[in-house]
Amino acid sequence: AGKYTIGISNTVQGNGWREEMICAMKAQALASGEVAKLNIAHRNTDAAGQLEDIRNLISAKVDAIVVNPADPAGIKAGLEEATKAGIVVVAVDQAVTEPSAYIISNNQEQYAYLGAKWLFQQMGGKGEVFYMRGAAGASADSDRDKGFKKALAEFPDVKVAQEVFTGWQQDQAKQQILSFLATGTPINGIWTSGIDNVIVDALVEQQAPMVPVVGADNAGFVGQLSSVKGLVGAAVTNPGSIGGAGVTLALQILDGKKPAQQTVLVEPQLWENATEEGKAKLKSVVDPSLSPEWPVSISIPDWTTYTKDQIVACKGPGE
Amino acid sequence: MTDIATMPRPVSFGRRLKRFMADRPLIPLIILLIVLVVILQILRPGIVNERWLANTAKFAIPLAILAGCQTMTMLTGGIDLSVGTVATMSAFIMATQIVNQDPTVAFLLAMLPAVLIGLVNGIGVGVFRVHPLIMTLGTSLIGTGFLQVYQRTVIASGAKIPDFLNWLGTGVTYGFPNALLLFVPVAVLIVLMLNRTGFGRLLYAVGDNERAARLSGVRYWQVITALYILSSLLAGITGLLYIGLIKAPSLSLAEPLVLPSVAAAVIGGTSIFGGRGGYTGTIIGALILTVLTTLLTILQMPEGGRRILFGFIVLFVTAAYLRIIEDR
Amino acid sequence: MTTSPLLDATSVAKNYGAVAALRNASLSVLPGEVHALMGANGAGKSTLVKILTGAIKADAGRILIRGQQLDVRSPAAARRAGLLPVYQEPSLIPDLDVLSNLRLTGTPVEPFRAWVRELGIPDLDIRETARHIPLAILRVLDLARALAVEPDVLLLDEMTAALPANLAEKVLEVVRRQGDAGRSVIFISHRFVEISALCDRATVLRDGATVGVVDIEPGVEERIVEMMLGTRIEKTRIAARAPNEVAVAAGGRPRLSVRNLQLGTKLNDVSFDLANGEVVGVFALEGQGQDELFAALAGSIRPTGGTIDVDGAPVKFSHPSDAIQAGIAYVPGDRTEALAMQRSVRENIALPFSAGLRKWGPIRMRREQVVVSGAIGRLQIDTRAQGEVQRLSGGNQQKVTIARWIAANARTILCFDPTRGIDVGTKQEIYKLLRELAGQGKSVLFYTSEMEEVQRVCDRVIVIFGGRVVDTFPVEEADEPALMRAAYGLPRGAKADVGILAEVRPASDAEAAS
Amino acid sequence: MSRFIRNQGWVAGLFALLIFLFVITKLIQPGYGSGDFGSLARAVLPYAFAVAAQTVVVIAGGIDLSVAAMMALTSVTAASMMNGATEEYALFVVPFVLAMGLVLGALNGVLIVVTRVPDIVVTLAMLFVLQGAALLVLGAPGGAAAEWLKASVIGTVPVPGLPDWADAWVPKALVLLVVCLCVVWIPLRRSRLGLSIYAIGSNELAAFRSGVPVARTRIIAYALSGLFAALGGLSLTISTGIGAPIPGPYLLASVAAVVLGGVALGGGKGGLLGPIIAVFVLRLVRTDLTLQAIDPNVTAIIEGAIMVAVVMFGAFITMRSRPAGATP
Ligand SMILES: Nc1ncnc2c1ncn2[C@@H]1O[C@H](COP(=O)(O)OP(=O)(O)OP(=O)(O)O)[C@@H](O)[C@H]1O
Ligand SMILES: Nc1ncnc2c1ncn2[C@@H]1O[C@H](COP(=O)(O)OP(=O)(O)OP(=O)(O)O)[C@@H](O)[C@H]1O
Ligand SMILES: [Mg+2]
Ligand SMILES: [Mg+2]
């Protein structure tokens, strides 16, 4: 059917968001009808490991590489080599410093800013917030930290009661929130970096006073926003389907339709349940059939063309 | 000709105390645990309440059971790094199969990979004599791979946490976590097994001197295979308990417990070289680690500093404990 | 005394927790003398050697070397002070070849080679990894390595215990010449023959304290034994076997019947019978296939040919548990092979009870306690340090390996050099025990490297040479010359055309034979 | 001859496997050429140093769980020092970071010797400490590397007397690796110190009694491990141009390659060549899996299975080569 071979490189395995991203890539490659084969390097590794994968993909002579970078700067050399070899390079989810690469990215700084600002407004512009970050030392985490700090600066009366790194791990986050709740320290809001449903669970289990919670658009959390009594919260979109958009962009470039700019930013949206309007929006997106770790925004308008069945089936061309 | 009477030197109080603790190695561990709790209470007055105790127990229990796997395997000079994967697999399979299956069937399906991985580990270590570190590492890689393949086939079916597991994992009755209903029998069984059964004896003997065990008629592969299957089964059950506690099936659910489970067994006084140790120490080791994690969460310091402190405290605890029990 | 001592240790003490290994030990060695250090098992001999050579630290005491107080903190420091030990356990690094072992200790190679030849090993390959060298040879290499640096004081801890007669003889010769050359030797052995042939004086230890220093002269043995054992036991002689016992052995079906046993190049065609109520000795020089014979009978190695019948029925052992099932237990010579060192005496003795799959369940603790204490009592094991077998002295450890099978009530016991490194008192007990077992209708196969043990304990003797049974004779005919002849491959009646047996010390021509 | 097979057979077999894999690679991708080989060499670099670090301590009878964290710390240190600095400044940074690795490695050794806690626990604790330190140095990936350093692994080395096509098969990264390893390893292996390292791994008591300064030798072994890990950290910074505080997957990879390379985890046996070849094998397997576009979830299964199968095979042939059923 298709004529292109597309290489994919990803360095986090076993995390719902990344799995959805990979499935979106496969589904989009299949739906586009232009891709003969996907060549996926998908494992847990670091920037050096990703360089190895990229070089292996170059050896495999793919037409384009879609990469979720382990680090914006760390894989510059590999991307440069790919471009030299005539391969189209698209980075998804995060920017890269290699100028020849195209970027289609979720705006991580904006993600944090949007959620934090909404949260602080809900708190009435003052009080204590429990700040639950991602993995210490990860670049997405430090980008989000910038956005959070920006919002914090706008609300001088909001204080961080406690800052923890969840490592983007459910069990760690749950233990942390439970320990924190046990201290009895009063808080007025919780900001999470996407490990969200276990936090709501913990509040319910401990019969702790409900405070506003900000999380990501993971299926589990979105469901909780409509079903848990007394929970006020917001889900900020961080679509894993950005992977599908990356494949679309790569195919456009291969077909000679270069976009106007090198960088395309997908701006996050905020879905909250504090207003009727927001509730309606949430109701329309909630999807209990998805794994609770999967983001519900399984498609991006204008960028992805697959159906829900296709992404859930998670099958690429030739499978 | 040498009748210089050697006067019994008066034993100092410190030495007597040390001797006393050395004969009861659990006491210094318990003291340490109490010290940590006191520090916590000083840092955050009021934190040590009924609710906190229940929460600590809830998180210490899965860790303690996995550390039990490590204790048993370490007694034979081995280690089981596949417990994280096994626990994750059984949890994930349970949560996804319960949607369409009868609970019993789902439970059996969930325990199946545990038995298989245990069997493969046991055969690799017991028959082919592969180093347990490598063997269990390899099977855990393979298991993770299968889990990922499996995950793709069930994305559409969604996941559900059975009410019973939820009750067991998070429920509290009269201030006691329900998980104790599972843990107390398991712990008693492990302790009795190690001290009062032939199999327990063989674990120690095999770990201490395999050739001696062989000359006494022990078939190494039988002991080792049974051991690794048992270890995997325990890990599988831990997975079910843990999913009831965390309530979010993910592909790396129990992975973060693996290294702490080794640390808990070591802090509890089990020798990583085999032949020496026991389970009661391990339980306290697991409690110490859980309290320590809370303590470090509460401390307002940069994440880097927290990790440094965690490392040094684990090292210090193990060193101090060894000092005390060594000098018998 | 006219000469001042080369080495002078006074009031040395060493405690291991509650156990006092040494309480008040003193030792004074003159230049040029061969000084025996004697004592029952657990008296503290090895501990003293380890302290003198810096392997462990003493709790108290004063050590003078050439009149100067020296603090030997490590074996390396002891070396520099001119003190070189050969410990009770081999000290070569198992994974390094012999040459690397020499380089590691800074031992000159040529003198080492010369000593090795001198000690009766003409064809050593110094590129061989130590792990693949037999124990007896390793002991000799340890000695050669010590000799090669010409130490002032050589400390030999049961150097000859694991050696076959021919190598032991060479060692004694060499040690004697050390004394002549003005160097001192501290010599530990439980064999009086060696002591009287070699030593000038003896220091006797009992329960960690020096109880006397005596000059070695004819008839001093009794005094030393008295000092060593205190009032512990009076020396018992093994009662001569009643003739009817032998008669019982002769009749009936043999307990164990071995025919044409073969194992690679190590065993060719070994046949013999072992009857109920019989102790059969196996006598051989080093490496004649006795290790393999015992291993095959114990189920550790599968023979490549021949048959083994137990009580008239053919058996094939693929694992020691098969042999144990058939009532055949093996007591290896090397106790580290038989004991779980960190476990208690009780657990070690009770180990076979749990071995089978069907025995994995709950243990009946009371019953076990009774059986185990019975065995402990029977062998008079010193249980002060019973929490961990590794804290027992070498001899007491050895007893535990036998006690296990007394407790398990094994019908046939294969004892491989069970008295290696055991003091005279204990030896007597073990001889008595073996005879008693035979009296109860059990059967014992007994390998020993000491000729007199053959005569004391056995009903019959099998002599093996080059993997074959050379001769089998009743104990009455097993005098030293006969045993030696056979051990060199000459059965009774064959003509001694080589002339090696004319001399009293036949082993000096071991090279010719091996 | 039989001794050669006993001592070197495994390494030779591994080398044959590597050649076989190259042939397979060429069959899968006929275009596989010198440039791709250069990529392989660059990918091997950090793994090879990690494995060298692990090998030294494993031979000395220990294990170092802090290898990857040490690499992360040295990498972020180098990257942050070179950030915004002149090219010449890197001439100072390189020796500084290497010295840092040496000292921190020695610290591992000192802690093991002084606390008498088992090495696996000490280095586990140090894993947390070093990770924490890395986070304090750089909170997020960043920093820079000097251009001349980056250039030092890119391209090939013109070897005088070799035709150009042959030169193309001598990547700088490979030369750098060989030089760094040889400079340390070859003199070491032949020296008394090297023998001492083997000795304490083979039998510590015997080594002590042979006059080997056991404590000092152990410290030196860990210091060397730290040095190799620092080289690994530097190679990370050099190849990526940044430093990342989260450790990469080098710990488990290093243990696996050590065992594949024929170094017994008990200590005392093996050399550096085997593990390095094992690293090439593992990297080349990864290349082939990517070239073949194997399902990424299946690759985890394949990699785990290869590891287990090769080690089982090794165990199997050792069992076969033992004299008929001899006691193990
Ligand atoms: N590491 C140890 N821990 C505890 N006790 C020990 C230790 N080493 C030796 N002992 C004790 O010290 C005493 C003396 O032991 P030592 O080995 O010196 O005896 P020995 O005279 O050499 O006996 P043998 O002739 O049996 O070898 C014994 O009672 C033994 O139990
Ligand atoms: N657990 C134990 N504790 C104490 N002594 C034991 C134990 N097991 C066996 N023995 C003793 O060891 C000897 C042999 O026991 P063993 O169990 O081999 O006999 P058995 O006839 O094979 O028993 P069974 O037929 O019940 O398996 C007996 O004298 C017995 O008293
Ligand atoms: Mg001794
Ligand atoms: Mg002895």
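About the cut-offs
- Within each chain, residues carry numbers counting from 1 in the order of the written sequence.
- Chains and ligands are labelled sequentially in the order written, the chains with letters from A and the ligands with numbers from 1.
- Given that the model is predicted, a residue must reach a pLDDT of at least 70 before its local features are reported, and side-chain atom pairs must reach 80 or more before they are shown or counted; all residues, however, enter totals for whole chains, interfaces and linings.
- Remark: hydrogens and water are excluded; side-chain values derive from all non-hydrogen atoms of the structure.
- The helix and strand labels rest on DSSP assignments: H or I over at least four residues marks a helix, E over at least two residues marks a strand, and numbering proceeds from the N terminus.
- Radius of gyration here is computed from C-alpha atoms only, and the compact-globule reference equals 2.2 Å multiplied by the residue count raised to the power 0.38.
- We call a residue buried when its accessible area falls under 20% of the maximum for its residue type, exposed when it is over 50%, and partly exposed in between, using a 1.4 Å probe and counting protein chains only.
- Whether two residues are in contact is decided by their heavy atoms, any of which lying within 4.5 Å being enough.
- All accessible areas in this document rest on Shrake-Rupley with a 1.4 Å probe, and a residue is counted as covered only by the protein chains that are shown.
- Only four residue types enter the tally: Lys and Arg on the positive side, Asp and Glu on the negative side, with His and both chain ends excluded.
- Throughout, a charge is located at the NZ atom of Lys, the CZ atom of Arg, the CG atom of Asp or the CD atom of Glu.
- Here a donor is an N, O or S atom found within 2.8 Å of the metal, or within 3.2 Å if the metal is Na, K or Ca; sites may look incomplete because water is not among the atoms.
- As a rule, the C-alpha atoms of each element are fitted with a line to give its axis, helices using only the stretch in contact, and angles between N-to-C directions run from 0 to 180 degrees.
- Throughout this description, any angle smaller than 35 degrees is read as roughly parallel, any larger than 145 degrees as roughly antiparallel, any in the 65 to 115 degree range as roughly perpendicular, and the remainder as oblique.
- Working rule for handedness: look at the near helix, and if it is turned counterclockwise from the far one by less than a right angle, call the crossing left-handed; if clockwise, right-handed.
- Each residue receives one of three labels: charged for Asp, Glu, Lys and Arg, nonpolar for Ala, Val, Leu, Ile, Met, Phe, Trp, Tyr, Cys and Pro, and polar for the others, Gly being one of them.
- In short, buried area is how much 1.4 Å probe accessible area vanishes from two parts on joining, totalled over both.
- The salt bridge definition used is simple: a Lys or Arg side-chain nitrogen within 4 Å of an Asp or Glu carboxyl oxygen.
- Here a polar contact is recorded for every N or O atom pair within 3.5 Å, except that within protein the pair must consist of a potential hydrogen donor and a potential acceptor, and residues adjacent in sequence are included only if both atoms are side-chain atoms.
- At least two DSSP bridges between two strands are needed for those strands to be called paired.
- The span expected for a helix works out to 1.5 Å for each residue beyond the first.
- Working definition: residue near molecule or strand if any one of its non-hydrogen atoms lies within 4 Å of it.
- For cavity detection a 1 Å grid was placed over the protein atoms alone, and a set of points counts as a cavity when a 1.4 Å probe fits there but cannot get out; an open set counts as a pocket when protein lies on both sides within 12 Å along at least five of seven lines, with lining residues being those that have an atom within 4 Å of a point.
- Grid points are joined across faces, edges and corners, and a volume is the space filled by probe spheres set on the points.
- Nonpolar cores are built from buried Ala, Val, Leu, Ile, Met, Phe, Trp, Tyr and Cys residues. Side-chain atoms within 4.5 Å join them into one set.
- As annotated, the domain borders come from an automatic or database domain assignment.
- Without a salt bridge and with relative accessible area above 30%, a residue can belong to a patch; like charges are then joined within 9 Å and nonpolar side chains (Val, Leu, Ile, Met, Phe, Trp, Tyr) within 5 Å.
- What pLDDT reports is the predictor's confidence in each residue, on a scale of 0 through 100.

Describing the overall build of chain B
For chain B, the count of helices and strands is 14 helices and 2 strands. Its C-alpha atoms give chain B a radius of gyration of 22 Å, within 12% of the compact-globule value 20 Å for 328 residues. With the C-alpha coordinates of chain B rotated into their principal frame, the extents come out at 90 × 60 × 40 Å. Considering chain B as a whole, with its 328 residues, one finds that 62% of them fall into the buried category. A separation of at least 24 residues holds for 77% of the contacts in chain B among residues at least 6 apart in sequence. Taken as a whole, chain B presents about 12,200 Å² of accessible surface, with 70% of it coming from carbon and sulfur. Averaging the locations of the 23 positively and 12 negatively charged side chains of chain B gives two centres separated by 3 Å.

Topic: the coordination of the magnesium ion (ligand 3)
Residues and elements named next belong to chain C. Donor atoms from the polypeptide that coordinate the magnesium ion (ligand 3) comprise S46 (OG) and Q88 (OE1), at 1.8 to 2.3 Å from the metal. Taken as a pair, the magnesium ion (ligand 3) and the magnesium ion (ligand 4) lie 3.9 Å from each other and share Q88 as a ligand. Taken together, the residues span a long stretch of sequence, with S46 in helix α1 (residues 45-52) and Q88 in the loop between β6 (83-86) and α3 (98-105) at a distance of 42 residues. Accessibility classification places S46 together with Q88 in one group, the buried group.

A word on the packing of helix α3 (residues 50-75) of chain B against helix α13 (residues 279-298) of chain B
Residue and element names in this part refer to chain B. Two elements in contact, α3 and α13, have axes separated by 8 Å at closest approach and are oriented at 135°. Between α3 and α13, the angle falls in the class oblique. Here α3 runs over α13; the crossing is right-handed. Judged by residue contacts, W52, T56, F59, A60, L63, A64, I65, A67, G68 and T71 of α3 engage Y279, T282, A286, L287, L289, T290, V291 and T294 from α13. Of the residues contributing to the contact of α3 with α13, the split by class is 12 nonpolar, 6 polar and no charged.

What to know about the interface of chain C and chain D
Between chain C and chain D, the residue contacts involve 28 residues of the former and 24 residues of the latter. In total, chain C and chain D occlude about 2,100 Å² of area from one another, counting both sides; carbon and sulfur atoms represent 55% of this. At the boundary of chain C with chain D, the tally comes to 2 salt bridges. The closest approach of N and O atoms between E89(C) and R209(D), which form a salt bridge, is 2.9 Å. Where chain C packs against chain D, one counts 5 residue pairs in polar contact (both at pLDDT 80 or more). Counting only elements with at least two residues in the side of chain C that touches chain D, the list comes to α2 (75-80) and α3 of chain C.

Examining the pattern of salt bridges
Oppositely charged side chains can pair when the atoms bearing their charge come close. Residues and elements named next belong to chain A. The final tally for this structure, using the stated rule, is 48 salt bridges over all chains. For K76, the salt bridge goes to E98, with nearest N and O atoms at 3.9 Å. In this pair, K76 is assigned in helix α3 (residues 76-84) and E98 in the loop between β4 (88-92) and β5 (102-106), connecting sequence segments 22 residues apart. Members of the salt-bridge network, linked through shared partners, are R133, D141, D145, K149 and E163.

A few points about the sheet that holds strand β11 (residues 256-263) of chain C
Residue and element names in this part refer to chain C. Pairing in this open sheet of 4 strands is antiparallel, and the strands run β12-β11-β14-β15 from one edge to the other. The sheet is open, and its two borders are formed by β12 (267-274) and β15 (313-315), each paired with just one other strand. Each strand of the sheet is rotated relative to its neighbour by a mean of 25°, with strand direction disregarded. In this sheet, β12 lies alongside β11 in antiparallel orientation, the contact comprising 5 bridges. Within β12, the position partnered with V258 by the bridge is F272.

Examining helix α13 (residues 273-291) of chain D
Look at α13(D): 27 Å from first C-alpha to last across 19 residues, which is about the 27 Å you get at 1.5 Å a residue. Judged by how many residues are buried, α13(D) sits mostly within the fold: 18 of 19 residues are covered.

Quick word on the site of ligand 2
All names here are of chain C. In the neighbourhood of ligand 2, the contacting residues comprise F353, K359, R367, E368, V371, A407 and A408. Contact distances for ligand 2 include 3.1 Å between an oxygen atom and a side-chain N or O atom of K359. Here R367 contributes a side-chain N or O atom positioned 3.3 Å from a nitrogen atom of ligand 2. Examining the composition of the shell around ligand 2, we find that 3 residues originate from one element, helix α13 (residues 365-379), more than from any other. Split by residue class, the shell around ligand 2 holds 4 nonpolar, no polar and 3 charged.

Here's the deal with empty space enclosed by the protein
By the definition in use, this model includes 14 cavities of 30 Å³ or more. Taken as a whole, the second largest cavity holds about 180 Å³ of empty space. If you trace the second largest cavity, you find 18 residues lining it, with R79(C), L84(C), P85(C), R145(C) and R209(D) closest to the centre. Within the residue set of the lining of the second largest cavity, elements represented by two or more residues are α2, β6 and α5 (135-148) of chain C. For the lining of the second largest cavity, the residue count by class is 9 nonpolar, 5 polar and 4 charged.

Re the packing of helix α8 (residues 179-196) of chain B against α13(B)
All names here are of chain B. At a minimum axis distance of 9 Å, the contact between α8 and α13 shows a crossing angle of 140°. Each of F183, A187, I190, V191 and L194 in α8 lies in contact with α13, whose residues at this interface are Y279, T280 and I283. Here the residues of the contact of α8 with α13 sort into 7 nonpolar, 1 polar and no charged.

Quick look at the nonpolar core
Of all hydrophobic cores here, the largest spans 271 residues; its most connected members are I190(A), I311(A), L194(B) and F228(D). Two domains share this core, each providing at least three of its residues, namely domain 1 (7-233) and domain 3 (342-410) of chain C. In this structure, A144(C), A168(C), I224(C) and V424(C) belong to the second largest nonpolar core, which totals 55 residues.

Description of a nonpolar patch on the surface
All names here are of chain B. On the surface, V105, L109, L112, L116, L119, I123, V127 and W221 cluster together into a nonpolar patch covering about 630 Å² of accessible area. For the nonpolar patch, the leading source of residues is helix α5 (residues 103-126), giving 6 residues. Tracing the backbone shows L109 in helix α5.

Remarks on the confidence of the model for chain B
Counting all residues, the mean pLDDT for chain B is 87, and 93% of those residues have values of 70 or more. Every residue in residues 1-8 of chain B is under pLDDT 50, and counting partners more than four places away or in other chains gives 6 contacts.

Considering the domain arrangement of chain C
All names here are of chain C. For chain C, the assigned domains read domain 1 (7-233), domain 2 (237-327 + 411-478) and domain 3 (342-410). Put simply, the middle of domain 1 and the middle of domain 2, counted by C-alpha atoms, are 32 Å apart. The interface is formed by 21 residues belonging to domain 1 together with 15 residues belonging to domain 2. Carbon and sulfur atoms supply 57% of the area buried between domain 1 and domain 2, which totals about 1,400 Å² over both sides. Interface area lost by domain 1 to domain 2 is led by N41, H190 and R191, which between them contribute 29%. The interface formed by domain 1 and domain 2 includes 0 salt bridges. Taken together, the links from domain 1 to domain 2 amount to 0 residue pairs in polar contact (both at pLDDT 80 or more). Contributions of two or more residues to the side of domain 1 that touches domain 2 are made by α5, α7 (192-198) and α8 (221-229).

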